[in-house]
Amino acid sequence: MTNLINRRTLLKAGAGAALGTGLFGLTACGDDGAPSSSASGGAGTPKRGGTLRWAVAAGNATQVADPAKAGGTMPLLIATNCYDTLVRADENYQLTPALATEWESTPDALTWTFKLRQGVKFHDGSPLTAQDVVYSFKRILDPALAAVGLAQIGPYLQASGIVAADPSTVKLTLTKPNAFIPVLVSAAGFSIVKDGTTDFKTGNGTGPFTLTGFDAAARTSLARFDGYWQDGKPYLDAVQIVVIAEDATRLQAVTSGSQDVVDNITGANTLLLKGNVEPYMLKNGGWVGLTMFGDTAPFNNQKIIQAMQYAADRKKIMSVVAPGIDIISPDIPIPPADPFFPSGLQPRPYDPDRAKALLKEAGVSGTFGFDVYAYEGDKLDTAVSFKSTAEAAGINANVITWPHATFFTDIFKKKPAIGISVARLHISQALPRLYGKGGDLNITHFTNPQFDELVAQATATTDQAQQKKLFGDALALVNDGAANVIPGWEGQVYGKNRKVQGLSAANGAHMYLAGAYLT
């Protein structure tokens, strides 16, 4: 087609706007636990056979195996390995073909066309068609399903805009322009399921593994699908996933060899991955910080928020939360290496005296105290480290440790101040979800019509320079006005036995095992 944004243009654009790529390195550590410059994802000739044993930190009996509702670790592992998306995004938000081999948009970014890969089969042997994609996307838009992707795509797409142009072509006609649709639909929540599927207990995807067992609170088992569309893959015979909630026990499981891979390694535990065990890490895995309800006293006073930001010794906090990574940040939700990071924007310095002055201007006499809730791990490390550095500014953060198992039902979005970590999101999703009107992750209750308009304009334009400027202006508003303290970024870290090769991770706990093998 003429004058279209197409896949070849996108891939050639590199870190450009239509792709929205980020410079997000995949790194590993040497025996001393310090990050090295190379990844440890694969080495040598892949070897077929064997069962990969995997331990995850979290399980929940209420979770289901439906990829459209994949919000927890085990459902995400099912979605990324039993199903496929149209497009695959890596840790740098570089896009590669998956079930779609080509995609393109009209110049106004209102109509997107995806051409499907030929010869793809579901686990039951039936062929992939455009109708499967239409069904998958329409069910995501059904509010009754409560799909994880609804909040992201709902503002741009209605069911009537999803059409199978022919058996191998899908067209999405948007209600308003979005130049980042391929990035959006690369998430596991947009996995393609067979037309008419309502029962996901056994699963019927196009991914490299079939689902052979699922107990959301305890374990999941996967088996190799010999009809996978990538020739020769997967290499593994099976994957066995178990829940080990206790951090120390999970770490011991991988160091002792009873598990091959474990997730959610944080803080000083990353330095214990030595000898036969090594870290597999996305360096800019997510940001850590404190978030407050900015519309609720006392956090609706911006001078108090600014005082907290100046009371954070970011280097000291991050040396505890993510030792050896050393990524400190302004109070915004994208890392300094991201191509959309505003040039010249610096983190606020640690300045207890300035924090005291701001508290005085806010009408605070004496010590400013508040409760902050967090659960064990990086969230608690962040809150406790902030408490330590903020005392010099006359701020007393009363840290309340809450069980992980009930944090997201009892505390998250309910208590006005929490310690939190948030997996890296592409800027086109991070800003509207975290700070936009109606954003599903707007845990600071940030509201600013100018911000919403800037984000809308940046998302609609296909001009890369304009995207960077508009997103930059929106980020400045967040840095100066949102009720959060974001001292820096931590890695998304897995501990793995050195015999495990070929892992491929992406942002948001997406782990792809088609190329994984045991040496």
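Rules of the game
Residues numbered from 1 in each chain as written. Predicted model: local features only at pLDDT ≥ 70, side-chain atom pairs only at ≥ 80, totals over all residues. Heavy atoms only, no water. Helix = DSSP H or I, 4+ residues; strand = E, 2+ residues; numbered from the N terminus. Rg over C-alpha atoms; globule rule 2.2 N^0.38 Å. Buried < 20%, exposed > 50% of the residue type's maximum accessible area, 1.4 Å probe, protein only. Contact = heavy atoms within 4.5 Å. Areas by Shrake-Rupley, 256 points an atom, 1.4 Å probe, with all protein chains shown as cover. Phe/Tyr/Trp six-rings, centres within 6.5 Å; stacked < 30°, edge-to-face > 60°. Salt bridge = Lys/Arg side-chain N within 4 Å of Asp/Glu carboxyl O. Arc of directions from axis to C-beta. 1 Å grid on protein atoms, 1.4 Å probe; cavity = no way out; pocket = protein on both sides within 12 Å on 5 of 7 lines; lining within 4 Å. Points joined across faces, edges and corners; volume = space filled by probe spheres on them. Nonpolar A, V, L, I, M, F, W, Y, C, P; charged D, E, K, R; others polar. UniProt positions renumbered as here; feature names shortened; annotations may be inferred. Pairing = 2+ DSSP bridges. Lys, Arg positive; Asp, Glu negative; His and termini not counted. Polar contact = N/O pair within 3.5 Å; in protein donor to acceptor, adjacent residues only side chain to side chain. pLDDT = per-residue confidence, 0-100.

Colleague: Describe in detail the overall build of the protein, supporting the description with residues and values.
Modeller: Secondary structure summary: the protein contains 14 helices and 23 strands in total. Taken over the C-alpha trace, the protein has a radius of gyration of 23 Å; the compact-globule value for 519 residues is 24 Å, and the two agree within 12%. Counting only C-alpha atoms and orienting by the principal axes, one finds that the protein spans roughly 70 × 55 × 40 Å. Counting every position in the protein, which comprises 519 residues, the buried fraction comes to 56%. Residue pairs in contact within the protein that sit at least 24 positions apart in sequence constitute 71% of those at least 6 positions apart. As displayed, the protein has an accessible area near 19400 Å², and 51% of this comes from carbon and sulfur atoms.

Colleague: Go over the packing of aromatic side chains with me, naming the residues and quoting the values.
Modeller: Going through the model one piece at a time under the given rule, you end up with 17 aromatic pairs. Seen from their ring centres, Trp54 and Tyr494 are 5.9 Å apart, and the 65 degrees between their planes marks the pair as edge-to-face. Linking Trp54 in strand β3 (residues 51-56) with Tyr494 in strand β19 (residues 484-497), this pair joins segments that are 440 residues apart in sequence. Each ring, one from Tyr235 and one from Tyr517, has its centre 6.1 Å from the other, and the planes form 85 degrees; the classification is edge-to-face.

Colleague: Pulling in residues and values, what's your account of the pattern of salt bridges?
Modeller: A complete count under the given rule lists 19 salt bridges for this structure. Its salt-bridge partner being Glu278, residue Lys496 comes within 2.6 Å of it at the nearest N-O pair. Here the residue Lys496 occupies a position in strand β19, and Glu278 occupies one in strand β14 (residues 277-292), the gap between them amounting to 218 residues. With a relative accessible area of 0%, Lys496 lands in the buried category. Each of the salt bridges in this network shares a partner with another, and the network as a whole consists of Arg314, Asp331, Arg348 and Asp480.

Colleague: Which residues make up helix α8 (residues 314-321), and what values go with them?
Modeller: Burial in α8 covers these residues: Arg314, Ile317, Met318 and Val321. Around the axis of α8, the buried residues are gathered within 90 degrees of arc, so they sit on the same side. Summarising the contacts, the buried residues of α8 are in contact with β14, α7 (302-310), β15 (327-328), α10 (378-390) and β19.

Colleague: Tell me about the layout of surface pockets, and name the residues and values.
Modeller: There is about 470 Å³ of room inside the second largest pocket. In this structure, the second largest pocket is lined by 23 residues; those nearest its centre are Pro155, Tyr156, Lys176, Pro432 and Val455. Looking at the lining of the second largest pocket, the element that brings in the most residues is helix α13 (residues 449-460), giving five residues. Per-class residue counts for the lining of the second largest pocket are ten nonpolar, eight polar and five charged.

Colleague: Explain the UniProt feature "domain: Solute-binding protein family" (unreviewed entry) in the protein to me, using residue names and the numbers behind them.
Modeller: Mapped onto the present numbering, the UniProt feature "domain: Solute-binding protein family" (unreviewed entry) falls on residues 95-414. When the span residues 95-414 is considered, its composition is 24% helix and 24% strand, and the gap between its end C-alpha atoms is 36 Å.

Colleague: Tell me about the pairing of strand β8 (residues 162-166), residues and numbers included.
Modeller: Sheet topology places β8 next to strand β9 (residues 169-173); four bridges connect them, and they run antiparallel. Within the sheet, the bridge partner assigned to Ile162 lies in β9 and is Leu172.

Colleague: Can you tell me about the side chain of Asp84, naming the residues and giving the values?
Modeller: Mapped onto the fold, Asp84 is located in the loop between α2 (73-82) and β4 (87-89). It is Arg88 that comes nearest to the buried, bridge-free Asp84 among opposite-charge side chains, at 4.1 Å. There is a polar contact of 2.9 Å between the side chain of Asp84 and the side chain of Thr206. Leaving out residues up to four positions away in the same chain, Asp84 has contacts with Leu99, Ser191, Ile192, Thr206, Gly207, Tyr228 and Trp229.

Colleague: Could you give me a rundown of the confidence of the model for the protein, with the residues and numbers involved?
Modeller: The pLDDT averaged across the protein works out to 91; a share of 92% of its residues lies at or above 70. For residues 1-5, every residue scores under 50 in pLDDT, and the model assigns this stretch 13 contacts once sequence neighbours within four places are set aside.

Colleague: Account for empty space enclosed by the protein, naming residues and giving values.
Modeller: Regions of empty space are outlined by a rolling probe, equal in size to a water molecule, passed over the atoms. Counted under the stated rule, the structure contains four cavities of 30 Å³ or more. There is about 50 Å³ of room inside the second largest cavity. Ala79, Thr80, Tyr83, Asp84, Thr85, Arg88, Ser186, Ala188, Ser191 and Tyr512 are the residues that line the second largest cavity. Tallied by class, the residues present in the lining of the second largest cavity amount to four nonpolar, four polar and two charged.

Colleague: A description of α2 should follow, citing residues and the corresponding values.
Modeller: Given 3.6 residues per helical turn, the α-helix brings residues three or four places apart onto the same face. Within α2, nine of the ten residues are buried, leaving the element largely enclosed by the surrounding structure. Those residues of α2 that sit buried are Met74, Pro75, Leu76, Leu77, Ile78, Ala79, Thr80, Asn81 and Cys82. Contacts made by the buried residues of α2 are with β3, β10 (209-215), β11 (219-224), β12 (238-243) and β22 (510-512).

Colleague: Residue-level account of unusual backbone geometry, with values.
Modeller: In this model, Lys233 is joined to Pro234 through a cis peptide bond whose omega is 0 degrees. In this chain, Ala297 is followed by Pro298 through a cis amide linkage whose omega measures 0 degrees. Counting through the fold element by element, Pro298 comes out in the loop between β14 and α7. A positive phi angle, near 60 degrees, is found at Asn264, a position not held by glycine.

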